[in-house]
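What follows is the residue order along each chain.
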Amino acid sequence: VVAQSTQLCLRTGCCHPSINWVLNDGSNYEPGTSPFDLPSIGGWIHEESTYFQRCILGAYPGCRKTRFVHHSGAPPTSLRMDGRRCCIIQTSPTSEFLSQNELSADIVAIHEKDNSCMTGSCCFTPYLRSLDGDGRYLGETRFVCDECVFVPKFVVLDKYGETKYLLRPDTCFLGVCMRPRCGGTNSGGKCLRLPFVVRDPITYQPCSSRVAGEAAQVTELWNGLVNEACYKRHAYQVAFPSNATIEEKFTLIGSSLLIDVSLFEKRDNDKQ
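Residues numbered from 1 in each chain as written. Predicted model: local features only at pLDDT ≥ 70, side-chain atom pairs only at ≥ 80, totals over all residues. Heavy atoms only, no water.

Participant: Please provide a residue-by-residue account of the packing of aromatic side chains, values included.
Facilitator: Within the structure shown, the criterion is met by four aromatic pairs. Relative to Phe 264, the ring of Tyr 236 lies with its centre 6.0 Å away and its plane at 40°, an arrangement referred to as tilted. With Tyr 236 in strand S16 (residues 235-239) and Phe 264 in helix H4 (residues 246-271), the pair connects residues that are 28 residues apart, well separated along the chain. Phe 264 matches Tyr 236 in its accessibility class, with the two residues each being buried. (Phe/Tyr/Trp six-rings, centres within 6.5 Å; stacked < 30°, edge-to-face > 60°. Helix = DSSP H or I, 4+ residues; strand = E, 2+ residues; numbered from the N terminus. Buried < 20%, exposed > 50% of the residue type's maximum accessible area, 1.4 Å probe, protein only.)

Okay, structure coming up:
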């Protein structure tokens, strides 16, 4: 589970803090629980984005230049400050309560993008490039523009720059519309959810995962009434393909961040 730790209540105007995340074992996740109450197996992520980018492009978050730094180990105690702040004007690129030692400790991956157009545009499409802690290229997730404009989709490139996966919801009406799923017993999903299924880029067939009864996917989870309605925190289940390499797993974690920034963060901003 990739879960936001940052409270985004009253995130409007220039009150756009950078967004931090924690990563936990999905088998232990219960909808509505705090991410900090679960064992951390994947570490934590802090965002680096300038005040100018977050303020000026606040209405179009998928366009901003940003950098997500992935750390191994347990989240620092100071990260709990994320849940106590509301309507904060953050002028620094990172959360001010994180020390320089915490920001530079145990870095295992970096997910970054430059300025881009928003989803729906066919030029300068949103993307997120994944690197390891030493700066070596791991892969990339990029929004796809094609004739089915009402179905958002992303391609995932491997470390050689070759297309490895396609992330796309199930569709109906000859592929023109998205088909949501009801329920979510196995994944803790919302009663009506839209999984981005990890597919073979040629056949479009779903890739298998190690989660019983579920294909590999990135799915937004029900995060509890308080987190959904008040704190505006998001959580995603990332079910990796059963044969994914460690590099591909890091890239798919980046895919979940890009899906959030380019689609669901904008959705919440539009509701403010």
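Participant: Pulling in residues and values, what's your account of the sheet that holds strand S3 (residues 40-48)?
Facilitator: On the basis of which strands lie adjacent, the closed barrel formed by twelve strands has the order S1-S2-S3-S4-S5-S6-S7-S8-S9-S14-S15-S16 and antiparallel pairing. Recorded for the sheet is a direction-independent mean angle of 20° between the axes of neighbouring strands. Judged from the five bridges that link them, S3 and strand S4 (residues 66-71) form a sheet pairing that is antiparallel. Its bridge partner lying in S4, Ile 45 is registered against His 70. (Pairing = 2+ DSSP bridges. Axes fitted to C-alpha atoms, helices over the stretch in contact; angles between N-to-C directions.)

Participant: Any chance you could break down unusual backbone geometry for me, citing the residues and the numbers?
Facilitator: A positive phi angle is found at Asp 106, which is not glycine, with a value near 50°. Inspection of the secondary structure assignment puts Asp 106 in the loop between helix H2 (100-104) and strand S5 (107-113). The class for Asp 106 is exposed, based on a relative accessible area of 51%. A positive phi is found at Phe 124, a non-glycine position, where the angle reads about 50°. Within the secondary structure, Phe 124 is located in the loop between S5 and strand S6 (127-132). Classification of Phe 124 by relative accessible area gives exposed; the value is 67%.

Participant: Now, about the nonpolar core: what can you tell me, with residues and values included?
Facilitator: If you look at the biggest cluster of nonpolar residues, it comprises 29 residues, and the most contacted ones within it are Trp 21, Phe 154, Leu 167, Phe 196 and Ile 259. Breaking this core down by element, the ones donating at least two residues are strand S2 (21-24), strand S8 (154-157), strand S9 (163-168), strand S14 (196-199), S16 and H4. Tallying contributions element by element places H4 first for this core, with eight residues. Sequence-distant contacts of Leu 167, that is, excluding residues within four places in its chain, are made with Pro 152, Lys 153, Phe 154, Val 156, Phe 196, Val 197, Val 198, Leu 252, Ser 255 and Ile 259. Counting residues in each nonpolar core, the second largest holds ten residues, with Val 1, Trp 44, Leu 98 and Leu 221 among its members. (Core = buried A, V, L, I, M, F, W, Y, C linked by side-chain atoms within 4.5 Å. Contact = heavy atoms within 4.5 Å.)

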